[in-house]
Amino acid sequence: MSAADHWNDHYQQGKGFRPVTETEVALLAKRLGPGTGHRALDLGCGTGEYTAALHRLGFATTGVDFSEVAVNTAQDRHHDRDGLDFRLLDTDRGGLTLLPAGEFDLITCRLFLPFVDLVPTVACTRRLLTPGGRLLVTTPLAERQRAGRESIGLRPAALDLLRSFGWATTAEYPLDSLLCLLLTTHPAPERTSR
Ligand SMILES: C[S@@+](CC[C@H](N)C(=O)[O-])C[C@H]1O[C@@H](n2cnc3c(N)ncnc32)[C@H](O)[C@@H]1O
């Protein structure tokens, strides 16, 4: 069974993941500010509830996932909203390289990074972000998972790697048992006039 089929099975059974709570939306609103006029990309969007929450904050948002069942469900549930779309894309198979560089002000990874190749994925997000753009990672921590379930969270070494990508700023916020990392790229250099 392919990795995508594993997730397809999960969604086919009508299962989801941790719901997007009011607390999480409040954290997004407080830390991201209004999204109006900004573009967001939600990696591993699943059935699109988090993608839709970003859209409600004003971001024009694209959700991508390699599970066909998830993307179809997301399109069915959220199809009639302008500035919200979903695409089938495998981030571990070059999918992100098909998107235009410098296109997104915000990229989100909610319950996603533990399942993919961390370094190439984060390197791709750097290429896709605008100068001053932000990467928001919301993740379980491996050490807080029960035995046998550690792989759904990031380990301390992975978190350190994530922080070491040369960000202009890094900030971290707890969200119940999860950790949110907000990582900002450097702004464009100011032009000097003569
Ligand atoms: C734990 S779920 C989280 C879904 C959603 N972000 C949420 O918070 O409900 C992880 C998602 O990542 C997707 N995924 C895993 N590997 C992927 C890959 N290589 N490319 C694109 N999506 C992937 C899965 O299909 C699944 O929908």
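Residues numbered from 1 in each chain as written. Predicted model: local features only at pLDDT ≥ 70, side-chain atom pairs only at ≥ 80, totals over all residues. Heavy atoms only, no water.

Participant: It is not clear to me how helix 6 (residues 156–163) should be interpreted in this structure. Could you clarify?
Facilitator: Three- or four-residue spacings in an α-helix give side chains the same orientation, since the helix completes a turn every 3.6 residues. All of the buried residues along helix 6 are A158, L159 and L162. One face of helix 6 carries all of its buried residues, which in axial projection span an arc of 100°. The exposed residues of helix 6 that point more than 90 degrees off its buried face are P156 and A157. Packed against the buried residues of helix 6 are helix 5 (118–128), strand 5 (129–139) and strand 7 (178–184). (Buried < 20%, exposed > 50% of the residue type's maximum accessible area, 1.4 Å probe, protein only. Helix = DSSP H or I, 4+ residues; strand = E, 2+ residues; numbered from the N terminus. Arc of directions from axis to C-beta. Contact = heavy atoms within 4.5 Å.)

Participant: Would you explain the nonpolar core in this entry?
Facilitator: Nonpolar side chains in soluble globular proteins tend to be buried together. If you look at the biggest cluster of nonpolar residues, it comprises 28 residues, and the most contacted ones within it are L41, L113, L135 and L162. Listing elements by their share of this core, those giving two or more residues are strand 1 (39–43), strand 4 (104–110), helix 5, strand 5, helix 6 and strand 7. When residues in this core are grouped by element, the largest group, four residues, is from helix 5. In this view, L41 contacts T62, V64, L96, L99, F104, L106, I107, T108 and L128; residues no more than four positions away in its chain are not counted. Counting 16 residues, the second-largest nonpolar core is a separate cluster that includes L32, L136, Y173 and L175. (Core = buried A, V, L, I, M, F, W, Y, C linked by side-chain atoms within 4.5 Å.)

Participant: Help me understand the sheet that holds strand 1 in this model?
Facilitator: Whenever strands of a sheet pair, they do so through backbone hydrogen bonds, lying parallel or antiparallel. Here we have seven strands laid out as an open sheet, ordered 3-2-1-4-5-7-6, and mixed in their pairing. The sheet is open, and its two edges are formed by strand 3 (84–88) and strand 6 (169–175), each paired on a single side. Each adjacent strand pair in this sheet contributes to an overall mean axis angle of 15°, direction not counted. One ladder, built from seven bridges, connects strand 6 with strand 7; its direction is antiparallel. Across the sheet, the residue bridging to P174 is L179, located in strand 7. Strands in contact with helix 5 are strand 1, strand 4 and strand 5; relative to strand 5, the strand with the most contacts, it is inclined by about 145°. Each of strand 5, strand 6 and strand 7 touches helix 6; the most contacted strand, strand 7, lies at about 20° to it. (Pairing = 2+ DSSP bridges. Axes fitted to C-alpha atoms, helices over the stretch in contact; angles between N-to-C directions.)

Participant: Would you mind showing me how to read the pairing of strand 7 here?
Facilitator: The side chains of a regular strand alternate between both faces of the sheet. For strand 7, the tally of buried residues reaches seven of seven residues, placing the bulk of the element in the interior. Sheet topology places strand 5 next to strand 7; six bridges connect them, and they run antiparallel. If you follow L136 over to strand 7, its bridge partner there is L182. As consecutive antiparallel partners, strand 6 and strand 7 are separated by two residues, and within that stretch D176 has a phi angle of approximately 50°, a positive value.

Participant: I tried to follow helix 4 (residues 68–78) on my own but got confused; where do I start?
Facilitator: When we look at burial in helix 4, the residues that qualify are V69, A70, V71, A74 and H78. Looking at the packing, one finds that the buried side of helix 4 touches helix 1 (3–12), helix 3 (49–56), strand 2 (60–65) and strand 3.

Participant: When you look at the packing of aromatic side chains in this model, what are you seeing that I'm missing?
Facilitator: For any pair of aromatic rings, the description consists of the separation of the ring centres together with the inter-plane angle of the planes. Following the criterion strictly, the structure yields four aromatic pairs and no others. Ring centres of W7 and F17 lie 5.7 Å apart, and the angle between their planes is 55°; on these two criteria the pair is classed as tilted. With W7 in helix 1 and F17 in the loop between helix 1 and helix 2 (22–32), the pair connects residues that are 10 residues apart, well separated along the chain. With centroids separated by 6.5 Å and ring planes inclined at 40°, the aromatic side chains of F165 and W167 adopt a geometry described as tilted. Residue classification places F165 among the partly exposed residues on the basis of a relative accessible area of 23%. A relative accessible area of 9% places W167 in the buried class. Site record: aromatic cluster; members linked through ring pairs are W7, Y11, F17 and F115. Sitting above the plane of the W167 ring, R126 keeps its charged end 4.4 Å from the centroid. (Phe/Tyr/Trp six-rings, centres within 6.5 Å; stacked < 30°, edge-to-face > 60°. Lys NZ or Arg CZ within 6 Å of the ring centre and 35° of its normal.)

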